[in-house]
Amino acid sequence: MPRKLSAAAAWIRRRAENVVAGLLGLMFVAFIVQVVFRYFFNLPVGWTSELSVIAWLYIVLLGSAFWLKEGEEIRFDLLTGRVGPRTRRVVAFVVAVAAVVLFGMALPATVSYVAFMKVESSSYMKIRMDVLYSVYVLFAVAVIVRYGWAAWAALRGEAAEEVAVEEKGYGL
């Protein structure tokens, strides 16, 4: 990856980490407020639950689009782990092209549907659904760019990042 592009990607990753950490903190505060209002004041509030769900949605989509490294993604590499590097690159290329094509084909309908959702709003906080779910459009574009780059890397002969599960300490 060129140096300027690598630096930009690292900066975006750090900002995404900041956003994810902030959202996780917001989710925790909403949870504490919900517990206090429900059990100490006997006054259940619904907006805290809605805020937690929205924060979780953004954590998952922004985190997987911009923060998660390729080696940290969940993969089913039972077959590709048993083949040579050349076959692994071919499989990586095919998977990357499939992801780009499928997300690319779905993108216009996704944008259209998210735009259509402006007629709905959330139950408690009254946030328009097109605003809430616009993060999915950002996620889809990030997936297209990420897997487009992965396809290009596979074509150039760059090996995908190897992950040694036994060294990661995931408890397996």
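All figures in this text were calculated on a predicted structure; none of them were measured in a lab.

Next up on the list: the overall build of the chain. Tallying secondary structure elements over the chain gives 5 helices and 0 strands in all. Secondary structure of the chain in N-to-C order comes out as α-α-α-α-α. Considering the chain as a whole, with its 172 residues, one finds that 24% of them fall into the buried category. Nonlocal contacts in the chain, meaning residues at least 24 apart in sequence, comprise 72% of its contacts between residues at least 6 apart. Accessible surface, the chain: about 12,100 Å² in total, of which carbon and sulfur atoms supply 68%.

This next bit is on the side chain of Asp 130. Among the secondary structure elements, Asp 130 is positioned in helix α4 (residues 129-155). Since its relative accessible area comes to 12%, Asp 130 is described here as buried. Polar side-chain contacts of Asp 130 include one of 2.6 Å to the side chain of Arg 128. For Asp 130, the residues in contact, after removing those within four places along its chain, are Val 114, Ala 115, Met 117 and Lys 118.

With that out of the way, let us pick up unusual backbone geometry. Residues other than glycine seldom take positive phi values, yet Asn 42 does so here, at roughly 55 degrees. Take Asn 42: its relative accessible area is 64%, and that puts it in the exposed class. Positive phi is not limited to glycine here, since Lys 126 has a value of about 55 degrees. Relative to the elements of secondary structure, Lys 126 occurs in the loop between α3 (85-116) and α4.

Moving on to the side chain of Thr 48. Within the secondary structure, Thr 48 is located in helix α2 (residues 47-67). There is a polar contact of 3.3 Å between the side chain of Thr 48 and the backbone oxygen of Val 45. Setting aside residues up to four positions removed in sequence, Thr 48 forms contacts with Ala 30, Val 33 and Gln 34.

The next thing to look at is the packing of aromatic side chains. With the rule as written, the count across this model stands at 4 aromatic pairs. For the pair Tyr 113 and Phe 116, a centre-to-centre distance of 6.1 Å together with 40 degrees between the ring planes defines the contact as tilted. You can see Tyr 113 and its partner Phe 116 sitting in helix α3, 3 residues apart, about one turn around the helix. Among the aromatic side chains, those forming a connected cluster through ring pairs are Phe 103, Tyr 136 and Phe 139. Just above the ring of Trp 149 sits the side chain of Arg 156; from NZ or CZ to the centre is 5.5 Å.

Detail in the predicted coordinates should be disregarded across regions flagged by low pLDDT. Averaged over all residues, the pLDDT of the chain is 86; the fraction at 70 or higher stands at 87%. Within the chain, helix α5 (residues 165-168) has the poorest average pLDDT of any element, 54, and α3 the best, 93.

Moving on, we get to helix α1 (residues 3-40). With 38 residues, α1 should reach 56 Å at 1.5 Å per residue; the first-to-last C-alpha distance of 55 Å fits that figure. Here α1 has its buried residues at Ala 16, Val 20, Leu 23 and Ala 30. Where α1 is buried, its residues contact α2. Phi turns positive, to about 55 degrees, at Asn 42, one or two residues after α1.

Let's shift gears to the nonpolar core. Core analysis: the largest hydrophobic core is formed by 16 residues, its most contacted members being Leu 23, Tyr 58, Val 135 and Phe 139. Elements that contribute at least two residues to this core include exactly α1, α2 and α4. Residues contacting Val 135, with those up to four places away along its chain left out, are Leu 57, Tyr 58, Leu 61 and Leu 62.

The rules we used
Residues numbered from 1 in each chain as written. Predicted model: local features only at pLDDT ≥ 70, side-chain atom pairs only at ≥ 80, totals over all residues. Heavy atoms only, no water. Helix = DSSP H or I, 4+ residues; strand = E, 2+ residues; numbered from the N terminus. Buried < 20%, exposed > 50% of the residue type's maximum accessible area, 1.4 Å probe, protein only. Contact = heavy atoms within 4.5 Å. Areas by Shrake-Rupley, 256 points an atom, 1.4 Å probe, with all protein chains shown as cover. Polar contact = N/O pair within 3.5 Å; in protein donor to acceptor, adjacent residues only side chain to side chain. Phe/Tyr/Trp six-rings, centres within 6.5 Å; stacked < 30°, edge-to-face > 60°. Lys NZ or Arg CZ within 6 Å of the ring centre and 35° of its normal. pLDDT = per-residue confidence, 0-100. Expected span 1.5 Å × (residues − 1). Core = buried A, V, L, I, M, F, W, Y, C linked by side-chain atoms within 4.5 Å.

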